[in-house]
Amino acid sequence: MGFLDKLLKRAPNAPLPSLEALAGEAGLPFDAEALAPHLEAFEHLSDVPHREAWAAALRALADKKLGLPAIWDEAQEEILPELVPAWVPEREGGFAKLCIEGLRMRLRVGDRPDSRIVQAADLVLWDISDDTAVEQALHNLKQRSTVKAFERQPSGIYRAPWKDGFDAARLLLPELWKEVLKDQRPFMAAPHGGCLLIAPQVLLPKLVEAVSQELGKGPLLQAALFERVGDQWLPARMQEPHPIAFPQKELKALDLIHALRAQAQDLDPALGQPAPMTTLKTQDGRPLTMAMWTVGGPCLVASDCDLVGFATADGAPLGIYWRQSLPRLAELKGEAVAIWGPRRVRYDRAPTGEERELLERFADAQQMLQILKGQGGTPAPKPAPKPAPNPNALPSHLQGQLGVQDED
């Protein structure tokens, strides 16, 4: 029907440019043999804008040094959805669609790690809409997901059973999991592509424990838990004094640190030194993120960190301060760094000793030294006497499992 609409709307005898004419002096970026299977799709394009877009798609693939996709009649049998951290398509390009905060859905033709990632240009060459591609990918995944149900673990939580590398993507198929916790509020976790976990609120400590055990078994997808609100998945927002509020914050910190480490590989060294990020705990178990800023040349500091720890070039500690107090220093101007993923700010220099006195201090140099001495099990600083046991502290069965721990 779409083809007939195009045909009827086309002006009588309207001249359409050939592919060679559209390529112009630059020439076609692919040889005739490679293009031959795709020419039928091009010839069916019935207006100039669509043909120009098709030629531009060829050029886009060539510019990215990518080959041509399989024709749609073949690709549609193998196309599958997968979930990736939001920063991955920002970094690598390709077609991607918002799924959950922090996650994106992209498409892959095939189920192997080296299978082609669908590009926006592929959809143009196939002459199909984004929705058509997504619908077909979800259909294929559903066809692979029949006759199996979520497996109940000894802990009481449920795990997706397919173990084909696309378990996390089945989050996109509600019919597979909506009956697992029919009368309870569902929480889920997808620490890597081959793992999808679901649990009721009462078993959240067990869900956090299961996530910690899965970390490192595949490329990190999302450590933080998420929950179903209406017909949407959202990052779980447990507020204090919920016993999982602090573990959830630490899991979110792991996601941020993972993205920053990948981003650091793509930063221009001429911009300065990216400040490494770590986590530490306060006396009541609250996790905080800290950027380590070495005094010397320019430094790139993550915008979302809680604290900034300063050290001399030879590693001598100078103190830890709350990052949000940096704007107090009128002479210390930060400039946003243009790059994918988490935001960073570039500073030409570190604050002087006098300027640091204007910041809100978290730990002095001596306290920071104690923290650094405990690396490998980083103790929290002790700016105040230790309070009575707090119910928000990390559950005992998770001690040593997530991030850095208090020395006590």
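Everything here concerns the structure above.
Residues numbered from 1 in each chain as written. Predicted model: local features only at pLDDT ≥ 70, side-chain atom pairs only at ≥ 80, totals over all residues. Heavy atoms only, no water.

### Some details on the overall build of the protein chain
Here is step 1 of the chain: For the protein chain, the count of helices and strands is 14 helices and 19 strands.
Here is step 2 of the chain: Within the span of the protein chain, comprising 408 residues, buried residues form 48% of the whole.
Here is step 3 of the chain: Taken as a whole, the protein chain presents about 20,400 Å² of accessible surface, with 52% of it coming from carbon and sulfur. (Helix = DSSP H or I, 4+ residues; strand = E, 2+ residues; numbered from the N terminus. Buried < 20%, exposed > 50% of the residue type's maximum accessible area, 1.4 Å probe, protein only. Areas by Shrake-Rupley, 256 points an atom, 1.4 Å probe, with all protein chains shown as cover.)

### A look at the sheet that holds strand β18 (residues 344–347)
Here is step 1 of the chain: As summarised here, the arrangement of the four strands in space is β11-β14-β18-β17, forming an open sheet in which the pairing is mixed. Two strands close off the open sheet at either side, each with one partner strand: β11 (273–274) and β17 (334–336).
Here is step 2 of the chain: As paired elements, β11 and strand β14 (residues 299–302) share two bridges and run parallel to each other. The partner of P274 across the bridge, within β14, is L300. (Pairing = 2+ DSSP bridges.)

### A look at the pattern of salt bridges
Oppositely charged side chains can pair when the atoms bearing their charge come close.
Here is step 1 of the chain: Taken as a whole, this structure holds 26 salt bridges when the rule is applied.
Here is step 2 of the chain: R170 serves as the salt-bridge partner of D164, at 3.0 Å between the closest nitrogen and oxygen.
Here is step 3 of the chain: D164 sits in the partly exposed class, given a relative accessible area of 24%.
Here is step 4 of the chain: R170 sits in the buried class, given a relative accessible area of 0%.
Here is step 5 of the chain: In this structure, E355 engages R349 in a salt bridge whose closest nitrogen and oxygen atoms are separated by 2.8 Å.
Here is step 6 of the chain: Residue R349 is classed as partly exposed on the basis of its relative accessible area, which comes to 30%. (Salt bridge = Lys/Arg side-chain N within 4 Å of Asp/Glu carboxyl O.)

### Describing the packing of aromatic side chains
How two aromatic rings sit relative to each other is given by the distance of their centres and the angle of their planes.
Here is step 1 of the chain: Scanning the entire structure with this criterion turns up 10 aromatic pairs.
Here is step 2 of the chain: When the centroid spacing of 5.4 Å and the interplanar angle of 90° are considered together, the rings of W322 and F362 count as edge-to-face. In this pair, W322 sits in strand β16 (residues 317–322) while F362 sits in strand β19 (residues 361–363), placing the two residues 40 residues apart along the sequence.
Here is step 3 of the chain: Each member of the aromatic cluster is reached from another via a ring pair, and the members are W293, F310, Y321 and Y347.
Here is step 4 of the chain: For the cation-ring pair, R51 lies above F42, with the distance from its terminal atom to the ring centre recorded as 4.5 Å. (Phe/Tyr/Trp six-rings, centres within 6.5 Å; stacked < 30°, edge-to-face > 60°. Lys NZ or Arg CZ within 6 Å of the ring centre and 35° of its normal.)

### Some details on the sheet that holds strand β5 (residues 151–152)
Here is step 1 of the chain: Sheet architecture is open: six strands sit in the order β5-β6-β8-β7-β9-β10, paired in antiparallel fashion. A single partner strand is all that each edge strand has here, and the edge strands are β5 and β10 (232–235).
Here is step 2 of the chain: Packing of helix α12 (residues 245–264) onto the sheet brings it into contact with β9 (222–229) and β10, and relative to β9 it is tilted by some 120°. (Contact = heavy atoms within 4.5 Å. Axes fitted to C-alpha atoms, helices over the stretch in contact; angles between N-to-C directions.)

### Here's the deal with the pairing of β9
Here is step 1 of the chain: Within β9, six of the eight residues are buried, which leaves the element mostly enclosed by the surrounding structure.
Here is step 2 of the chain: Examined bridge by bridge, strand β7 (residues 186–190) and β9 share three bridges and lie antiparallel to one another. By the bridge assignment for β9, F187 is matched with E227.
Here is step 3 of the chain: Pairing analysis gives four bridges linking β9 to β10, with the strands arranged antiparallel. Its bridge partner lying in β10, R228 is registered against W233.
Here is step 4 of the chain: The turn linking β9 back onto β10 is made up of two residues, and G230 within it adopts a positive phi angle of 65°.

### Looking at a negative patch on the surface
Here is step 1 of the chain: Together, E40, D73, E74, E77 and E78 make up a negatively charged patch on the protein surface.
Here is step 2 of the chain: Mapping E77 onto the fold places it in the loop between α6 (72–75) and β1 (79–85).
Here is step 3 of the chain: For E77, a relative accessible area of 59% gives the class exposed. (Patch = residues over 30% accessible without salt bridge, like charges linked within 9 Å, V, L, I, M, F, W, Y side chains within 5 Å. Lys, Arg positive; Asp, Glu negative; His and termini not counted. Charge placed at Lys NZ, Arg CZ, Asp CG, Glu CD.)

### What about helix α11 (residues 204–214)?
Side chains three or four residues apart in an α-helix point the same way, a direct result of the helix having 3.6 residues per turn.
Here is step 1 of the chain: Of all 11 residues in α11, eight are buried, a share of seventy percent or more.
Here is step 2 of the chain: Buried positions along α11 lie against β6 (158–159), β7, β8 (197–200), β9 and α12.
Here is step 3 of the chain: Two residues or fewer past α11, G216 is found with a positive phi of approximately 95°.

### Thoughts on the side chain of Q263
Here is step 1 of the chain: For Q263, the position within the fold is in helix α12.
Here is step 2 of the chain: By relative accessible area, which is 0% here, Q263 ends up buried.
Here is step 3 of the chain: A polar side-chain atom of Q263 sits 2.5 Å from the main-chain carbonyl oxygen of W340.
Here is step 4 of the chain: Beyond its immediate stretch of four places on either side in the chain, Q263 contacts I339, W340, G341, P342 and R344. (Polar contact = N/O pair within 3.5 Å; in protein donor to acceptor, adjacent residues only side chain to side chain.)

### Here we look at the nonpolar core
Note on soluble globular proteins: their nonpolar side chains tend to be buried together.
Here is step 1 of the chain: Membership of the largest hydrophobic core comes to 40 residues, with the highest contact counts inside it found for I79, L107, V118, W126, F150, L171 and M188.
Here is step 2 of the chain: Mapped by element, the contributors of at least two residues to this core are α6, β1, β3 (103–109), α8 (120–126), α9 (130–143), α10 (174–177) and β7.
Here is step 3 of the chain: Not counting the four nearest positions on each side in its chain, I79 is found in contact with W72, L107, R108, V109, V118, A133, Q136, A137 and N140. (Core = buried A, V, L, I, M, F, W, Y, C linked by side-chain atoms within 4.5 Å.)

### Quick look at unusual backbone geometry
Here is step 1 of the chain: Put simply, E240 and P241 share a cis peptide bond, and its omega is 15°.
Here is step 2 of the chain: Along the chain, P241 falls in the loop between β10 and α12.
Here is step 3 of the chain: Backbone geometry places K65, a non-glycine residue, at a positive phi of 60°.
Here is step 4 of the chain: Tracing the backbone through its elements, the reader meets K65 in the loop between α5 (48–63) and α6.
Here is step 5 of the chain: Phi angles above zero are rare outside glycine, and K163 is one such case at about 55°.
Here is step 6 of the chain: With relative accessibility at 52%, the residue K163 sits in the exposed group.

No statement about biological role is implied by the geometric values presented.
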